[in-house]
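Each chain, written out:
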Amino acid sequence: MGYLGQQLVNGLTLGGIYALIALGYSLVYGVLQILNFAHGDVYMVGAFIGYFVEIALGGPSHTKVPVPVMIFIMFAVSMIGTGLLGIVIERFAYRPLRKSSRIAPLISALGVSILLQNAALLLFSANIRTYDTSSFIPSTAGFSIGSVNIDSVRFAVLILAMLLMFTLSKWVNKTQVGRAMRAIAVDRDAAVMMGIDIDRVIRWTFFVGAALAGAAGVMNGLLLRGVSNGMGFIPGLKGFTAAVIGGIGSIPGAMAGGLLLGVVESLTQGYLSTNFSDFYTFILLIAVMLLRPNGLFGKKAIVKA
Amino acid sequence: MSEDTSKLGIGTDEWVAQHEKRLQRRSGALGIVDLLNQRVSNKVRYSALGVAAIVFGLFVHNLYLLRIASNLGVFLMMTLGINIVMGFAGLLDLGFVAFYGFGAYAYALTSSSQLNQHWPTYLSVPAIVIATAFLGYLVSLPSRRLFGDYLAIVTLFFGQIFIQLVLSSDSITFPGHTDSTDITGGSNGIPGLDPFKLFGRAFKSTSDYYWLLLIVITLLLIAVVRVNRTRVGRAWRTVREDPLASQSMGIKVNNLKTLAFVVGAAIAGLAGAIFAGIQSAVFINGFDIPLLTLIYAAVILGGSGSIPGSIIGAFVMSVLPEILRVQNYSEFLFLAVLVITIGVIGKNWKKLAINIVSLIAIGYFVKALFSLSHMTTTPTKTWAIAPVSKALQYWLVLPANRIVWGNMAFIALVALVAYYSIAHEKIKPWLLPIIAYIAIFVWEDRLVADASTTRQLIIGAMLVVMMIVRPQGFLGKTRVEVL
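Residues numbered from 1 in each chain as written. Chains lettered and ligands numbered in written order. Predicted model: local features only at pLDDT ≥ 70, side-chain atom pairs only at ≥ 80, totals over all residues.

Time to look at the overall build of chain B. For chain B, the helix and strand inventory stands at 21 helices and six strands. Long-range contacts, defined here as pairs at least 24 residues apart, represent 76% of the contacts in chain B between residues at least 6 apart. (Helix = DSSP H or I, 4+ residues; strand = E, 2+ residues; numbered from the N terminus. Contact = placed C-beta atoms within 7 Å.)

See below:
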C-alpha cells in the first residue's frame, strides 16, 4: 500500500509537469491548428534559464537570498524568458507560414527544434548540469501521510503546477484575451470579423504556452533531474501524448491527460519495467488514438488533414 | 514530374499560365539555376547521371571514394522514399529512419551469429522489405483518421521508441525462462554480418555493393518516375494539394496515404538491409534524429515532390559533409556561400561590391577597436595554412577568449538575422555587411571548431528559411495555393 501510494504521489508530480507541457500544445493547437514541435525545446530553455538564475543568485549552496525568494525568481525569470522566446518563435517561424500548406509549419517547427537544441549545445556545451536542490532544501524536509513520504520539493512542485493550471483556466475563461482565444478556436474567420486582433491573441497564446513549458522545465530541474540540451525531446513527446489523451485543443483535457499519463508512467515504472516505460506511453498513445481519437475531453473531430 | 502537371491541366489558372514568365523574371544566382534547369530535358539528365555512375564504378578503385559513393547510394534511396511520402502524398513521416534501422537490424538478425540465423540473401531481403512494409502499415493505422499533424508526431515518437527498444533488448527474459537473452546487442550493436550473396557470388568488396546499389536505384528511379505518371501518382498529388476536394471526387484518400506511407517504409527497409550489408555491422546510433534531419534537409533543399531535386539534394547533403571534413574547404565554401547570399539579396553587382568593401572596412575597424582597447587577441595562425585563412588572419579579430566572444557574437548574429527579416527596407542595406562580418567572426571563432553542431545549426536554419522563402525547394515549382 505504501509503495502504491508513493508511486501515485510521484506520478502526480510528474503528471503536473506533463500537464503544463501539454497545455502549451493544446493552447497553440486550439488557436492555430499547428503542432509546435519546438515546444519540448522551449521547456529545455526554461530549465537552462532556471539554472543560470540559480547560479547568478549564488549557486546551490551560497544563496544570496532566502531560498523561497530564489525559487520564485527562478520561476519568474524562466517563465518570462521562455514566454518571450515563444513569441519570437511564432513571429519568425510560424507567422510567415500562416497561409501556406499544412506541412510547411511542421517542417519549420522541426527546424526551430533543431536550431534550439544545437544552439544550446553550442552555447552551454554538452555537460549535464543539475540544480542540486538537496543542498539548499534537505531531502528529509517534508511530511508523511501514513507510510507515504512527500518531500517538500515534490510537494511544492505539485502545488505550484496546480496553481498555474488554476490561474490559466481563470485566465482563459475570464479575461478578454482568453475569450478572444476561445473565439478563434471555435471559428477563426468569424472572430476576425468581430474585430478580434488575431496577431495579438496568437502572441499571447504563444507567450502563455511557452511560459508554462518554462515553468515545467524549472520544476524538472528542481526535482533533481539533469539539465542538458537534449532534455526536451522526450518530455515534448510525452506532453503531446498527454494533450492527445485529453483531447487536443481542450484545456481541462490537457491537464487531466498530463496527470493521467504521469500516474500511468510512474506505475509502469514501479511495477513493470523502467527500461520500457516510454514504450508503454507510446502504446497508450496508440490505444487512445485508435479507440477514442478525440481524446477524453475532445468533442469534435479534427477535419483538417 | 513537374512539367506534366500543367499538361494534365490540374489547377490551370492564371498563376500557372504565368509560370514561365515568373521563372524568367528571377534575377541573380537563382535565375541562373532556373535557366539551366529549363534548358535540359529530364531524360538527358538521367542518362548523363547513369553514364557518370557507370564510369565511376568502372574506373575508380579507391576504397574511400567507393565508400562515399555507396553511402550516397543508400542515402539517395532514402531521399527517393521520403520524396514519395512527403513530396507526392504530402505526409510528414518522422519515423522514416526507424524503418531504415528496422531493415538494417532485421538483416543483422537474419544473417549473423547473433541468433544463429544465416538466411540466404534472396530470402532474407524480400522478407525484410515485406516486414518493413507491414510495420509501416501498423504504424500508420492509429493516425489513419487524422493523417496530417498527428502522423508526424506519432512517427517521431515511433522512431524514439524503436531506438529505446533496440537499446534495451540486450537482456530480455522470456516468460518461462530464467536466463536473459541478448537479441539486439544493445549499445554494442551486432558485428560480423554475412555479406550479401546474390547472382551466385558473395559480396566481398564495396564495389560489389556499389553495382548492386546502382541497379537497385535505377530500378527504383524508373518505378518512381512511372508510378508518378499513373493514376495513383496523379491521385497522390491531388490528395496532397487538397484532401477534401479529392475525397469529394471519389478518391480514397486514406488508402492512398497509407499506400504512400507503406511504400516509403518498404524502400527504407531495403535501404537499411543494403546498408547493413555494406557495413557488415549495425549500431543503433546511426538511426537517430541527425540522419532524419539530413534526409529531410536533402529533399526540401532539392524540392519536395521533384525527383531531380531529391537526387541533387542527396548529392549535396551526403557528399558535401565529406568534403567539409577538410577545414580549408569548409572555410572557402562558407565564404563563397556568404558572398553568393549577399549577391542574391543585393540583386546586382554594384551593391555586392559596396557590401564587400564595407565588410572589409568593418573588419579593420573592429580590429582597430580591439587593439586600441588592448584586448588580448591571438594574432598568429591556429589553423592550417591556406590562402583564405592567411588573408583572413590579417583582417579578422581572434580574441583570446574565443568561446565567450564567439557565443556572444552567435547570439547577436541570430538576433540580427531575425531583425533583418522584419527590418525596414531602408535599414536593410546597412545591416547586411554587419551581419556578414559577425557571421564570419562567429564562424572563425566558434563554429569551425564544432563541426557537427554547426552542421545541425545550418540544417535547422535552412529548414525554417526554406519553408518561408522557397517552400518548393530549389528545383521544385511553385504550387497552386489553395486559398
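Right, picking up where we left off after that structure.
Right, let's get into the overall build of chain A. The number of helices and strands found in chain A is 11 helices and two strands. Counted from the first residue to the last, chain A has its helices and strands arranged as α-α-α-α-β-β-α-α-α-α-α-α-α. Its C-alpha radius of gyration of 19 Å places chain A within 12% of the 19 Å reference for a compact globule of 305 residues. Overall, chain A is about 55 × 45 × 35 Å in size when its C-alpha atoms are taken along their principal axes. Within chain A, the proportion of its 305 residues that are buried is 53%. Within chain A, contacts between residues at least 6 apart in sequence are counted, and of these 78% link residues at least 24 apart. (Rg over C-alpha atoms; globule rule 2.2 N^0.38 Å. Buried ≥ 20, exposed ≤ 12 C-beta atoms within 10 Å, placed from the backbone.)

Listed as interface residues are 38 residues of chain A and, on the opposing side, 39 residues of chain B. For the side of chain A that touches chain B, the secondary structure elements donating two or more residues are α3 (67-94), α4 (103-124), α9 (233-246) and α11 (277-291) of chain A. Counting residues per element, the side of chain A that touches chain B draws most heavily on α4 of chain A, which supplies 15 residues. Tallied by class, residues from the side of chain A that touches chain B come to 30 nonpolar, five polar and three charged. (Nonpolar A, V, L, I, M, F, W, Y, C, P; charged D, E, K, R; others polar.)

Another point: the nonpolar core. A19, L20, L23 and A215 of chain A together with A260 and A271 of chain B are the most contacted members of the largest nonpolar core, which totals 215 residues. If you count residues domain by domain, this core takes at least three from each of domain 1 (40-323) and domain 2 (329-449) of chain B. With sequence-adjacent residues up to four places away left out, A260 of chain B is seen in contact with I84, V85, F88, A89, L91 and W236 of chain B. (Core = buried A, V, L, I, M, F, W, Y, C linked by C-beta atoms within 7 Å. Domains from an automatic or database assignment.)

The next thing to look at is the confidence of the model for chain A. Averaged over every residue, the pLDDT of chain A is 85; residues scoring 70 or more account for 96%. Of the regions scoring below 50 in pLDDT, residues 301-305 of chain A engages in eight contacts with residues more than four places distant in sequence or in other chains. (pLDDT = per-residue confidence, 0-100.)

Time to look at the domain arrangement of chain B. Assigned domains within chain B: domain 1 (40-323) and domain 2 (329-449). Between the C-alpha centres of domain 1 of chain B and domain 2 of chain B the distance comes to 40 Å.

Right, let's talk about the pairing of strand β2 (residues 148-151) of chain A for a bit. Residue and element names in this part refer to chain A. Sheet analysis places strand β1 (residues 142-145) next to β2, joined by four bridges and oriented antiparallel. When the bridges of β2 are listed, F143 appears paired with I150. Joining the antiparallel neighbours β1 and β2 is a turn of two residues, in which G146 adopts a positive phi near 65 degrees. (Pairing = 2+ DSSP bridges.)

This brings us to the confidence of the model for chain B. The predicted coordinates should not be examined in detail at positions where pLDDT is low. Residue and element names in this part refer to chain B. Per-residue pLDDT for chain B averages 77, and the proportion of residues at 70 or more is 81%. Put simply, helix α1 (residues 2-8) is where chain B has its lowest mean pLDDT, 45, and helix α7 (residues 96-110) is where it has its highest, 89. Overall, residues 1-8 carries pLDDT values under 50, and its contacts beyond four positions in sequence, including any with other chains, amount to 11 contacts.

Further remarks concern the packing of helix α14 (residues 289-302) of chain B against helix α15 (residues 307-323) of chain B. Residues and elements named next belong to chain B. It is the contact of α14 with α15, at a shortest axis distance of 7 Å, that shows an interaxial angle of 130 degrees. Relative to α15, the element α14 lies oblique. Of the two elements, α14 crosses α15, and the hand of that crossing is right-handed. Every residue of α15 that contacts α14 at L294, A297, A298, V299, L301 and G302 is listed here: G309, S310, I312, G313, A314, V316 and M317. Partitioning the contact of α14 with α15 into residue classes produces nine nonpolar, four polar and no charged. (Axes fitted to C-alpha atoms, helices over the stretch in contact; angles between N-to-C directions. Parallel < 35°, antiparallel > 145°, perpendicular 65-115°, else oblique. Left-handed = near helix turned anticlockwise from the far one by under 90°.)

Residue and element names in this part refer to chain A. Among the secondary structure elements, D151 is positioned in strand β2. Under the C-beta neighbour-count criterion, D151 is labelled partly exposed, with 19 such atoms within 10 Å. Considered as a pair, D151 and R188 are 37 residues apart in the sequence and their alpha carbons are 46 Å apart.

The next thing to look at is helix α11 (residues 231-241) of chain B. Taken residue by residue, α11 of chain B has A235, W236, R237, V239 and R240 of chain B as its buried positions. For α11 of chain B, the secondary structure elements touched by its buried residues are α6 (63-88), α12 (243-248) and α13 (253-279) of chain B.

It is worth spelling out helix α2 (residues 39-56) of chain A at this point. An ideal rise of 1.5 Å per residue puts 26 Å on 18 residues; α2 of chain A measures up with 26 Å between its terminal C-alpha atoms. Most of α2 of chain A sits out of view: 14 of its 18 residues are buried. (Expected span 1.5 Å × (residues − 1).)

All names here are of chain B. Position of V442 relative to the elements: it lies in helix α20 (residues 428-447). A sequence separation of 361 residues divides V442 from G81, and the C-alpha atoms of the two residues are 36 Å apart. Setting aside residues no more than four positions away along its own chain, V442 makes contact with G406, A409, F410, L413 and L447.

Although it is not a glycine, S125 of chain A sits at a positive phi angle of roughly 60 degrees. You can see S125 of chain A is positioned in the loop between α4 and β1. The phi angle at S280 of chain B is positive, at roughly 55 degrees, despite the residue not being glycine. Following the sequence through the fold, S280 of chain B ends up in the loop between α13 and β6 (281-282). Of the residues examined, S280 of chain B has 17 C-beta atoms within 10 Å and is grouped as partly exposed.

Residue and element names in this part refer to chain A. Across the interface, helix α5 (residues 152-174) lies against helix α8 (residues 198-222) with an axial gap of 10 Å and an inter-helix angle of 175 degrees. In terms of orientation, α5 lies roughly antiparallel with respect to α8. Within the contact between the two elements, α5 uses V153, V157, L160, A161, L164 and L168 and α8 uses V208, L212, A215, M219 and L222.

Let's shift gears to the environment of T218 of chain B. Structurally, the position occupied by T218 of chain B is in helix α10 (residues 206-229). Taking the C-beta count within 10 Å as the criterion, T218 of chain B has 14 such neighbours and is therefore assigned partly exposed.

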